[in-house]
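Remarks on the overall topology
Single-letter residue listing:
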Amino acid sequence: MKVLKFGGTSVGSVESISKLLQIIEKEQANSGNPVVVLSAMSGVTNLLSSMADKAAQGGNFSNELKELEDRHFHVIKELLAVSKQNPVFTKLRILFNELEDLLQGVMILRELTPRTRDLVLSYGERCSTFMVSKIAGQNLDNDVYINAADVIKTDSSFGQARVNMELTEILIRDVYEANKSKVMFVTGFIASNDEGRITTLGRGGSDYTAAIFGSALNAEEIEIWTDVNGMMTADPRMVKKAFSLPELSYTEAMELSFFGAKVIYPPTMIPAFMKKIPIVIRNTFEPEFPGSVIRHNCENSNLAIKGISSINDISIINIEGSGMVGKAGFSGRLFSLLAREQINVILITQSSSEHSITFAIHPSDAERAQKLIEQEFELELLAKKIEPPVFEQGLSVLAIVGENMKKTPGISGKLFHALGRNGINVRAIAQGSSEYNISVVISKEDLNKGLNAVHDAFFVELNKTLHVFCLGTGNIGTTLFKQLQDHREFLQKHNGIQIRVVGVGNTRKMLFNENGIDLESWQHDLQEKGEPADLADFVQKMKEMNLPNCVFTDNTASLKPIEYYHEIFSSNISIVTCNKIGNSSSYAQYKLFRDTARLHGVDYFYETNVGAGLPIVRTLKDLMVSGDRILSIESILSGTISYIFNNFKGNVTFHDIVKEAQEKGYTEPDPRDDLRGTDFMRKMLILARDAGYELEANDVNIESMLPKSCIEAESVEDFYEALKAENNFFENLKSKAESERKVLRYIGKLENGKVKISLQMVDDAHPFYALSGSDNIISFITDRYRERPMVVKGPGAGAEVTAAGVFADIVNVGAQQF
């Protein structure tokens, strides 16, 4: 036989009770008559408690009593045949009248004892169970209502009564034998003492009732029917990716439940634990879902941990001092004091030097605990043997739980890496020698972020989520969004990464959505729903959202975002940028960004600073990391200049080819901005710095390819006239190169710590000879690539390839995160 327990939400409405009855009928047909334990209707226990408190203060509780009656009567009218309603209404009215009389007495006396409170609260289970049993009796002609107070016997610790298991089990067996052929509907939560006075079993009392009955009757299993699909890997309200666990051990369930998993209360499992009876957590509203089985012997699991749980609000007290070192009995005095005063200690950690003890308690107990400790250790405080206890609040406990953690290397490392990389400071750590649980104390404001970061780190079968904030919605930003949308499914399937754009901004508007901005309609949403743009507010909002695994993407060419890089890194947010200003300004700034990113354990990726989507920066880094020595780097890193010299041949004049490049959009409005080589210089400077040289912009030697008259022309029109006037200069260069069977190339070179950019003639033995179109090219000569250089070649400009480079950098942040 089975014991089925239904929680408050399962008896909370007409719809849920209808589902409950279907479950019972199906169980009866499949396995025989179950024992059904019921809670009060959802919210009723709190309502009764509020009524009792009001009565004790002389307040009016008639509205609450009316609400209580209405909820029960509504269910009866909807689910019970009219011909059978009057006897049920009569019984419930008797119960409600008793309750009213009891509360009137409390109001007259202005006194609410624990014994009276238990009696008041008992009406919730008594009314709901009687009501449901009568509704069920329409289809079950063999049902019986059992008041658990008649069979579960306890001491007189009202509110948290201790059960006399030996006597209780005898009484339960007797009542079961007398009603074996019937479906027993049993009140949860309530019991009675030896005098027959009503007691309650405390938090999770109805689960406890089910476990007591299951233990007494040696049930096949105990089913706990609630409103969730079993035990989850984390709180689904905080971790959207949380999923149900098919199976877990008693120990794992106890650990998870203690640290905040509200599905089941730890002490309620003990009777089942002792008899090795499986407990199954099922969902009343999805009865076809198998739920979670808690059992003695679980099958081997490939999960490193079973779940992540938390206690949302705690306080910690830290005691330290030399008088504690080697002092036998100090901890005993401390924790005996707290136990005497009924202060529950959630977590304890002590330094191996014995110089300090830190423990966590509920915030409501913190101030009282601090005063008690100061009184108990008054002499030690006066003698300066210990420091005054330090009390901290606004904290939470995050715990990872699982039997597979035992003797598995790397679990702690993965936990602390996930927290540290997201800037979450750990205030205290506790782990038992059983290795089933590692608990950390963190700031309450970081709990949501921490739960999601740790969940992503441990459950590898799930897609990992990167939260991306994008600044800049020009050609590159727009193209990036299209690429992210087009490759979303591929990324999830092959890389296990979900890139969620949660912030978008430009110079006019900015938009945020922590659940993700729709990349199909982002332009419309930004325009219609966005708020006025403010870069400082954008960064502040990004920090306030406090999401895990964040990336700031700078798709601008503006100096303004650079001013916030240090602040962003310091907030443990990675940066991906195609904006080369940050890395090509002063060396001190370049070094500050790299050092700050390293200090906070985040990434700084800027592949597109040099060659758009070409793997130049990463190639250089890989060569150096692997121990290769860079001898020289030669490159052409300007698509504009590359196009001009690749097509400056035959009868074409230099004036005409520059004009053609401008018309095709390869140059800036003033072509001299490209031909001066300033952008090329910035790229070579970044490469030189990445190669380990502390260079400034003025250390780069740029030989101008233009005569002085062209550079000094007052307007673009004058510039083109100067090009015509200097035609012989360019024709001579072209003729000389052609006569020597060479081609003209504007080449940057890094060698011996010096950078030079100059116009050169190269023959067909040079890797740059066959360059065509607007391609970029770079040649690495190293100890390993001395005879035949490593060459990277391809398009070095354009929205598609630049956005692809940014995309790749974002994915690489994901690879580093997880």
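Refer to the preceding data block for the structure.
This write-up is about the structure you can find in this document. (Residues numbered from 1 in each chain as written. Predicted model: local features only at pLDDT ≥ 70, side-chain atom pairs only at ≥ 80, totals over all residues. Heavy atoms only, no water.)

1. A look at the overall build of the chain
Going by this rule: Numbering of helices and strands runs from the N terminus, with a helix taken as a DSSP run of H or I at least four residues long and a strand as a DSSP run of E at least two residues long. Each radius of gyration is computed over the set of C-alpha atoms, and the globule rule expresses the reference value as 2.2 Å times the number of residues to the power 0.38. Partly exposed residues are those whose accessible area sits between 20% and 50% of the maximum for their type, while under 20% is buried and over 50% is exposed, using a 1.4 Å probe and protein chains only. Contacts are residue-level and defined by heavy atoms, with any inter-residue pair within 4.5 Å sufficient. Residue exposure ignores everything except the shown protein chains as possible cover, and the areas themselves are Shrake-Rupley values with a 1.4 Å probe. His residues and chain termini do not enter the charge count, which takes Lys and Arg as positive and Asp and Glu as negative. A charge is said to be at NZ when it belongs to Lys, at CZ for Arg, at CG for Asp and at CD for Glu.
Scanning the chain from terminus to terminus reveals 31 helices and 29 strands. Rg of the C-alpha trace for the chain: 37 Å, well past the compact-globule value of 28 Å for 818 residues, more than 25% over. With the principal axes as the frame, the chain shows a C-alpha extent of 115 × 75 × 50 Å. When burial is assessed residue by residue, the chain has 52% of its 818 residues classed as buried. Taking all contacts inside the chain whose residues are at least 6 apart in sequence as the whole, residues at least 24 apart take part in 72%. Accessible surface computed for the chain: about 36200 Å², of which carbon and sulfur atoms make up 47%. The positive charge centre, built from 86 side chains, and the negative charge centre, built from 105, are 2 Å apart in the chain.

2. Considerations on the nonpolar core
Stated precisely, the cut-off is as follows: In this description, a nonpolar core means a group of buried Ala, Val, Leu, Ile, Met, Phe, Trp, Tyr and Cys residues linked to one another through side-chain atoms lying within 4.5 Å.
Core analysis: the largest hydrophobic core is formed by 75 residues, its most contacted members being Phe469, Phe552 and Phe654. Among the elements that take part in this core, helix 27 (residues 678-690) stands out by supplying 7 residues, more than any other. Residues Val144, Phe213, Ala219 and Ala253 belong to the second largest nonpolar core, which totals 66 residues.

3. Regarding unusual backbone geometry
A positive phi angle is found at Asn546, which is not glycine, with a value near 50°. Phi is positive for Asn549, close to 55°, though the residue is something other than glycine. Relative to the elements of secondary structure, Asn549 occurs in the loop between helix 18 (535-545) and strand 21 (550-554). We classify Asn549 as buried; its relative accessible area is 2%.

4. Description of the packing of aromatic side chains
As a reminder, the rule being used: Aromatic pairing here means that ring centres of Phe, Tyr or Trp (its six-membered ring) are within 6.5 Å. Orientation follows from the plane angle: under 30 degrees is stacked, over 60 is edge-to-face, and everything else is tilted. To sit over a ring, a charge needs its Lys NZ or Arg CZ within 6 Å of the ring centre and within 35 degrees of the ring normal.
Using the criterion set out here, one finds 28 aromatic pairs in the structure. Feature note: the residues Phe469, Phe512, Phe538, Phe552, Tyr565, Phe569, Phe593, Tyr604 and Tyr606 constitute an aromatic cluster, connected by ring pairs. Cation over ring: Arg126 sits above Tyr123, and NZ or CZ is 4.3 Å from the ring centre. Between Arg618 and the ring centre of Phe605, over which it is positioned, the NZ or CZ distance is 5.9 Å.

5. Structural notes on the pattern of salt bridges
What counts here: Salt bridge, as used here: a side-chain nitrogen of Lys or Arg that lies within 4 Å of a carboxyl oxygen of Asp or Glu.
Across all of its chains, the model carries 46 salt bridges by this definition. Here Lys664 and Glu660 are joined by a salt bridge, their closest N and O atoms 3.7 Å apart. Taking the shortest distance from any N to any O, the salt bridge between Glu740 and Lys736 comes out at 3.0 Å. A network of salt bridges, in which partner residues are shared, links Lys2, Glu27, Glu221, Glu223 and Arg282.

6. Some remarks on the sheet that holds strand 21
Keep this limit in mind: Here, any two strands with at least 2 DSSP bridges between them count as paired. Fitted lines through C-alpha atoms serve as axes, helices being fitted only where they are in contact, and the angles separating the N-to-C directions of these axes extend from 0 to 180 degrees.
The strand order across the open sheet built from 7 strands is 20-19-18-17-21-22-23, with neighbouring strands paired in mixed fashion. Edge positions in the open sheet fall to strand 20 (531-532) and strand 23 (604-605), since each of these has one partner strand only. Relative to strand 21, strand 17 (residues 464-471) runs parallel, the two being bridged by 5 bridges. Its bridge partner lying in strand 21, Phe469 is registered against Phe552. Where helix 15 (residues 475-486) meets the sheet, its contacts fall on strand 17, strand 18 (497-505) and strand 21, and the angle it forms with strand 18 comes to roughly 150°.

7. Overview of a negative patch on the surface
Threshold: Two distance rules govern patches: like charges are joined within 9 Å, and nonpolar side chains (Val, Leu, Ile, Met, Phe, Trp, Tyr) within 5 Å, applied only to residues with over 30% relative accessible area and no salt bridge.
A cluster of acidic residues, Glu531, Asp534, Asp537 and Glu544, forms a negative patch on the protein surface. Examined against the element boundaries, Glu531 turns out to sit in strand 20.

8. Brief notes about the pairing of strand 22 (residues 574-577)
Threshold: A right-handed crossover is one whose linking path, passing over the helix from the first strand to the second, runs clockwise when the strands point away from the viewer.
Burial of strand 22 is two-sided: the residues Ser574 and Val576 facing one way and the residues Ile575 and Thr577 facing the other way are all buried. Regarding the hand of the β-α-β motif, the stretch spanning strand 21, helix 19 (residues 565-570) and strand 22 is right-handed.

9. Things to note about the sheet that holds strand 8 (residues 247-249)
Taken in spatial order, the 8 strands make up an open sheet running 3-4-2-1-7-9-10-8, and their pairing is mixed. A single partner strand is all that each edge strand has here, and the edge strands are strand 3 (143-146) and strand 8. Averaged over all pairs of adjacent strands, the angle between their axes in this sheet comes to 20°, without regard to strand direction. Across 4 bridges, strand 1 (residues 2-6) lies against strand 2 (residues 35-38) in parallel orientation. Paired with Lys5 across the strands is Val37, a residue of strand 2. Packing against the sheet, helix 7 (residues 205-216) makes contact with strand 1, strand 2, strand 4 (183-187) and strand 7 (221-226), and its axis sits at approximately 175° to strand 1.

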